[in-house]
Amino acid sequence: MIKRKDKIIRPKMEVEIAGIKLRNPIMPASGTFGYGEEFAPYLDLNSLGAIVTKGLSLNAKAGNRTPRICETVSGMLNAIGLQNVGVDVFIKHKMPFLEQFDTPVIVNFFGNTQDEYAEVAARLDGVPGVAALEMNISCPNVKHGGIVFGTDPKAIHEVVSQVRKKTSKPLIVKLTPNVTDIQVTARAAEEAGADALSLINTLTGMAVDVKTRKPRLANTIGGLSGPAIRPVAVRLVHQVVQAVSVPVIGMGGITRAVDALEFLIVGAKAVQVGTANFVDPTAMSTILDELEEFCLTEGIEDINDIIGSLVV
Amino acid sequence: MKNLKTVVLSNQEISPGYYRMRILAPDYTRLAKAGQFIMFRVQRSLLPLLRRPFGIFRTGFMPADCETMPPKEFIEIIYKVVGGGTEIMRELHHGDSVEILGPLGNGFEFGEPGEEKVLVGGGIGLVPLYMLAEKLVEESRVRLYMGGRTRDDIITVTEFERLGVRTHVSTEDGSVGDTGLVTVGLEKKLQEGGKMTVYACGPMPMIEAVEKICRRYGVPLQVSLEALMACGVGACLGCVVKGAGHSDSTPSYLCTCKVGPVFDAKKLDWGNSPEQSVGNCGGCQ
Ligand SMILES: Cc1cc2nc3c(=O)[nH]c(=O)nc-3n(C[C@H](O)[C@H](O)[C@H](O)COP(=O)(O)OP(=O)(O)OC[C@H]3O[C@@H](n4cnc5c(N)ncnc54)[C@H](O)[C@@H]3O)c2cc1C
Ligand SMILES: Cc1cc2nc3c(=O)[nH]c(=O)nc-3n(C[C@H](O)[C@H](O)[C@H](O)COP(=O)(O)O)c2cc1C
Ligand code: FES
């Protein structure tokens, strides 16, 4: 513990990403925190580094058939189908709630065409209280045979460039892990004007009910999240940090401060907590407490001293 | 609504494969409404990862361990051992730490005082009906139709009787009560006519059969549904069921954890092939 004149000095937790100041590096992952309201009874939203919303599209989206979720070993599969209220309803009815808090709001969004991405970004551009946009590129490009934008460097470059022109807000591009070389897709997003990158989105997966022989998800394939994916996520964040110069936000299976620290040490400037919010709606406040405790016992005065401190 | 770190007070097998767990739960007597549920964290470790949803059977007070202490407030859940999570739960003892999130969801509407109330429970589906019965007997005559596969599935019926509820038991194998499905008795009751409200909870095929009968006789029905849940608080959108008027072009999905688990049957889509329309645990078991 760092003691000066018998007073415990609390470690400095502030980090900065693409010009946004965060009071600490902990924030929820999109789609696991609703629009914030759902967690307000359990958690002080003013204690978080940022709030990240469910992914928004141009029009409201109903989502997939059920079953949409299924528990797996140390994780879960989901195929929610990006159910959301649509960007206009969000701005009118969800944003006022979030604006009560003194916490930056990062709005996650997606589209099925380049134009849709650009239009959603344009509508969010003038909205006060939106601190940054997080662009989910793990969506099928309907004009190109449904190939996921985020798996094709050329498609990434085009769609990110187009969105870049529509917004003056900091733009975070969220990468998919379902690629052969993440350094290539990361660089494509950076070159097209991303101010920061976040990763990882879910890994595609599948589970089968051996009695009925049916897939456990109505959609057959879904996205794997939770502790099971953490080593893969840490590796990918490590590789992306080597490849780009913009800041990186890491996520994938974080449930405790020690998990978050792995990402910070390999160079993530902040982290997102996803599935753990389902297991425990107070997870992020526990992680924050543990993180501060870790800094105190390890004699770390500023969390930034940990970031990128990997010893190899 | 809060996350409570608490302890098990008791955990006993009440019928083969069925357990009753009493959990220390301050404030629940005041907060919990009939039909609400909790998300139960099976153990502190991450195995199993997700919490398990359980209906609140009842709330109450019991004497503290020493006389000078105030009485202990508790909830009881009744669960059937069906898989990995409930296998671990059955091993819990007095004093073991657990976490419960709740009370969650919307409970039952009590209907008009004075009119008859008819409860239909299938197996473990009886659970949320007990607190409802406690409330309804204050102002109405209450009848319970309780069904199960065998006598082992017929649980807590005497506790309903002690409240003054008239009970009708049926089992598919005839090991206790009438032989056959619970809906046979229900249909006879509705044929008699009269103003009443029906409340049902149980396996999906039972709920669908009850819905058909109630629709035929024009009797209002409230159902309590199960769905696969990750969060229990309306954030993951995993637990949805189809709302009335749902179609591919005008989809309507309602969260079981937030809008439900109790629904007015009229607000749901019962479709042409109902077993696909109302999403319960589906192919997951
Ligand atoms: C609102 C609500 C109230 C419930 N009340 C009760 C109750 O009072 N008593 C009781 O015995 N059971 C109740 N259930 C069902 C109970 O949640 C499951 O039996 C339990 O989750 C099974 O866990 P497991 O690990 O033993 O089974 P597994 O099959 O190993 O579980 C695997 C996954 O599927 C989920 N799951 C499995 N069966 C169900 C089911 N029927 N409904 C929802 N999720 C399921 C589990 O939560 C878990 O995520 C309720 C469910 C809901 C949604
Ligand atoms: C139920 C669910 C819904 C999600 N919805 C979104 C979404 O709308 N947009 C998005 O970019 N990511 C979404 N994700 C991905 C998460 O934000 C996160 O990238 C992923 O779950 C890995 O983190 P975790 O292991 O901590 O959950 C979702 C994940 C889950 C489990
Ligand atoms: S269980 Fe997550 S939204 Fe209902």
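Thresholds applied
Residues numbered from 1 in each chain as written. Chains lettered and ligands numbered in written order. Predicted model: local features only at pLDDT ≥ 70, side-chain atom pairs only at ≥ 80, totals over all residues. Heavy atoms only, no water. Near = heavy atom within 4 Å. Polar contact = N/O pair within 3.5 Å; in protein donor to acceptor, adjacent residues only side chain to side chain. Areas by Shrake-Rupley, 256 points an atom, 1.4 Å probe, with all protein chains shown as cover. Nonpolar A, V, L, I, M, F, W, Y, C, P; charged D, E, K, R; others polar. Contact = heavy atoms within 4.5 Å. Buried area = accessible area lost by both parts, 1.4 Å probe. Salt bridge = Lys/Arg side-chain N within 4 Å of Asp/Glu carboxyl O. Pairing = 2+ DSSP bridges. Helix = DSSP H or I, 4+ residues; strand = E, 2+ residues; numbered from the N terminus. Axes fitted to C-alpha atoms, helices over the stretch in contact; angles between N-to-C directions. Parallel < 35°, antiparallel > 145°, perpendicular 65-115°, else oblique. Left-handed = near helix turned anticlockwise from the far one by under 90°.

Q: How do you make sense of the site of ligand 2 when you look at a structure like this?
A: Residues and elements named next belong to chain A. Neighbouring ligand 2 are 24 residues, the closest being Ser 30, Lys 174, Gly 226, Gly 253 and Thr 275. At 2.7 Å, a side-chain N or O of Lys 174 approaches an oxygen atom of ligand 2. For ligand 2, an oxygen atom lies 2.8 Å from a polar atom in the backbone of Gly 226. Taking 610 Å² as the accessible area of ligand 2 by itself, protein coverage stands at 97%. Here the residues of the shell around ligand 2 sort into seven nonpolar, 15 polar and two charged.

Q: Just to check I follow, could you spell out the interface of chain B and chain A for this structure?
A: By a frequent convention, interface size equals the accessible area lost on bringing the separate parts together. With 33 residues of chain B at the interface, the matching set in chain A holds 34 residues. In total, about 2900 Å² of surface goes out of reach between chain B and chain A, with carbon and sulfur atoms giving 62% of it. Among the residues of chain B in contact with chain A, Leu 49, Leu 237 and Tyr 253 of chain B are the three that bury the most area, contributing 21% of the side total. Here chain B is connected to chain A by one salt bridge.

Q: In this structure, what is going on with the sheet that holds strand β13 (residues 171–174) of chain A? I would like to understand it.
A: Paired through backbone hydrogen bonds, the strands of a sheet run either parallel or antiparallel to each other. All names here are of chain A. In space, the eight strands of this open sheet follow the order β5-β20-β19-β14-β13-β10-β9-β6, with parallel pairing throughout. Whereas interior strands pair on both sides, the edge strands pair on one side only; in this sheet they are β5 (26–28) and β6 (51–52). By the bridge criterion, five bridges tie strand β9 (residues 105–109) to strand β10 (residues 130–136) in an arrangement that is parallel. Note on β10: the bridge partner recorded for Val 105 is Val 130.

Q: How should the packing of helix α5 (residues 182–191) of chain B against helix α6 (residues 204–217) of chain B be read in this particular structure?
A: To describe two helices that pack against each other, one gives the angle between their axes and the distance between the axes. Residue and element names in this part refer to chain B. Relative orientation of the contacting elements α5 and α6 amounts to 15°, with a least axis distance of 10 Å. Viewed along their axes, α5 and α6 adopt a mutual orientation that is roughly parallel. Two packed elements cross with a definite hand, and for α5 against α6 that hand is right-handed. Across the interface between the two elements, Val 182, Thr 183, Leu 186, Glu 187, Leu 190 and Gln 191 of α5 pack against Met 206, Ala 209, Val 210, Ile 213, Cys 214, Arg 216 and Tyr 217 of α6.

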